[in-house]
Amino acid sequence: MPLPATGAREAILGLFRQASEGFVSGARLSEALGVSRTAVWKQIRQLRQLGYRIEAIPSRGYRLCATPDLPLAEELHTGLSTRIIGKEIRYFTETDSTNRQAYALGEAGAGEGMIVIADRQSAGKGRLGRTWISPPGVNLYLSVLLRPPLPPYAAPQLTFLSALAVSRAIAAVTGLAPTHKWPNDVLLDGFKVAGLLNEMSAESDRIRFVVLGIGVNLNMTADQFPADLRAPATSLLLAGGRPVPRALFGRTLLEQLDSLYAEYLRHGPAPIMAAWEAHCDLVGKAVTVDEGSGTALRGTVVGIDRDGALLLTLADGSTERILAGDVRLLPENNQ
Ligand code: BTN
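Please read these numbers as outputs of a predicted model, since none were measured by experiment. (Residues numbered from 1 in each chain as written. Predicted model: local features only at pLDDT ≥ 70, side-chain atom pairs only at ≥ 80, totals over all residues. Heavy atoms only, no water.)

J.: Kindly report on the overall build of the protein, identifying the contributing residues and their values.
T.: Tallying secondary structure elements over the protein gives 9 helices and 15 strands in all. Of the contacts made within the protein by residues no fewer than 6 positions apart, 62% connect residues no fewer than 24 positions apart. A gap of 7 Å separates the mean positions of the 34 positive and 33 negative side-chain charges of the protein. (Helix = DSSP H or I, 4+ residues; strand = E, 2+ residues; numbered from the N terminus. Contact = heavy atoms within 4.5 Å. Lys, Arg positive; Asp, Glu negative; His and termini not counted. Charge placed at Lys NZ, Arg CZ, Asp CG, Glu CD.)

Laid out in structure tokens, this is it:
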């Protein structure tokens, strides 16, 4: 049976990468894929349209000369060793929001672990109705569909899981040391490098699905950040001085997500929360938290609880449990 299109292209790329001399004949490709030479040629043409540079020399065959820096399924699947996450990948050159697409696919019955990824988003969604700046060619915009067999109150725990996966992927690919900011930011030297937006569909007692939305600034340059950003932001390129291949980062992230999700399903949220908290430099700090009501609470961060709520000690000694809000560090932390 002929392979579906992405599978056929992945198989062709796999054969190119294995070829010791670089060249693979059209006959060999057609035999390995079980399709006609014309069908092989069509797939080669599509690979070229996606940005792969493929040389064709009569009597020798085809050779892969250059791979585009795109988070394509063909690239993410190369060497991917996950069990659940990223088995199915939907890639868009452009979409409004990968979260919106993944949510619609979730409602239509898409399977656990499916991911939606895009080169650019025209209406990238941030937290609290904000916009996520999503230019083409530089960053990672990814949404993962999960169907954990859990009650709705557990869903926020997955935000911490995705933050941990992002910071571990950053450390693995760049050697940089990110920190976590409650509830959903990953920072480098105090500058935001990644944001998370998790959205859920649920019944009263069970989650139908959760979409983990992840935006990571990989190769954005200083002039690509809007001047009026609410919080100071950076990219891995700006912080580490080197561009990061998007497919390599994407694959590393999918592997981190996959192993943390397996750990979460086996052992519950406690190990994830503890690992997240170990790289959260808010604990012990004086902060204000705006819960969206306009008035901000002022206190000292004690930590986060099992459900991911922020625990804050107020001036009167009482402890407040906060489920959502914007945290700001107070200047007295620097004295
Ligand atoms: C935030 O910090 O406000 C959350 C930002 C989340 C952005 C990502 S990019 C991929 C996914 N699709 C979206 O529309 N948003 C999330």
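J.: Can you break down the pairing of strand S8 (residues 185-188) residue by residue, with the values?
T.: Burial along S8 is two-sided: the face carrying Asp185 and Leu187 and the face carrying Val186 and Leu188 are both buried. Two elements, strand S7 (residues 179-181) and S8, share 3 bridges in a ladder whose sense is antiparallel. Counted as the bridge partner of Lys181 is Asp185 from S8. Two successive antiparallel strands, S7 and S8, enclose a turn made up of 3 residues. When S8 meets strand S9 (residues 191-202), the two strands line up antiparallel, connected through 4 bridges. Following the sheet pairing, Leu188 is matched in S9 by Phe191. (Buried < 20%, exposed > 50% of the residue type's maximum accessible area, 1.4 Å probe, protein only. Pairing = 2+ DSSP bridges.)

J.: So what's going on with the side chain of Thr252? Residues and values would help.
T.: Position of Thr252 relative to the elements: it lies in helix H8 (residues 246-267). The exposure class of Thr252 is buried, given its relative accessible area of 14%. Other than its neighbours up to four places away in sequence, Thr252 contacts Ala169, Ala172 and Val173.

J.: Quick one: what's the story with the nonpolar core, residue by residue and with numbers?
T.: The biggest cluster of nonpolar side chains holds 58 residues, and the ones touching the most others in it are Leu142, Val166, Trp182, Phe249, Leu253 and Leu257. Ranked by residue count, the leading element in this core is helix H6 (residues 157-174), at 9 residues. Counting residues in hydrophobic clusters, the runner-up holds 16 residues, among them Leu13, Ile44, Ile54 and Leu70. (Core = buried A, V, L, I, M, F, W, Y, C linked by side-chain atoms within 4.5 Å.)

J.: Quick rundown of unusual backbone geometry? Include the residues and the values.
T.: Working note: non-glycine residues mostly have negative phi, and peptide bonds are mostly trans. Looking along the chain, the bond that leaves Trp182 and enters Pro183 is cis, with omega of -5 degrees. A positive phi angle is found at Ser59, which is not glycine, with a value near 75 degrees. The backbone of Asp189 sits at a positive phi, close to 50 degrees, despite the residue not being glycine. As for its position among the elements, Asp189 is in the loop between S8 and S9.

J.: An account of the environment of Arg147 is needed here, citing residue identities and associated values.
T.: Looking at the element boundaries, Arg147 is found in the loop between strand S6 (140-146) and H6. Judged by relative accessible area, Arg147 falls into the partly exposed class, the value being 29%. With near-sequence residues (within four places) excluded, Arg147 lies in contact with Gly106, Gly109, Ala110, Gly111, Glu112, Arg208, Phe209 and Tyr261. Within the structure, Arg147 has its side chain in polar contact with the backbone oxygen of Gly106 (distance 2.9 Å). Polar contacts involving the side chain of Arg147 include one to the main-chain carbonyl oxygen of Ala110, which spans 2.8 Å. (Polar contact = N/O pair within 3.5 Å; in protein donor to acceptor, adjacent residues only side chain to side chain.)

J.: An account of the packing of H6 against H8 is requested, with residue identities and associated values reported.
T.: As a packed pair, H6 and H8 sit with axes 8 Å apart at the nearest point and diverge in direction by 135 degrees. Considered as vectors, H6 and H8 are oriented oblique to each other. Two packed elements cross with a definite hand, and for H6 against H8 that hand is right-handed. Residues Gln157, Leu158, Leu161, Ser162, Leu164, Ala165, Val166, Arg168, Ala169, Ile170, Ala172 and Val173 of H6 lie in contact with H8, whose contacting residues are Leu248, Phe249, Thr252, Leu253, Gln256, Leu257, Leu260, Tyr261 and Tyr264. (Axes fitted to C-alpha atoms, helices over the stretch in contact; angles between N-to-C directions. Parallel < 35°, antiparallel > 145°, perpendicular 65-115°, else oblique. Left-handed = near helix turned anticlockwise from the far one by under 90°.)

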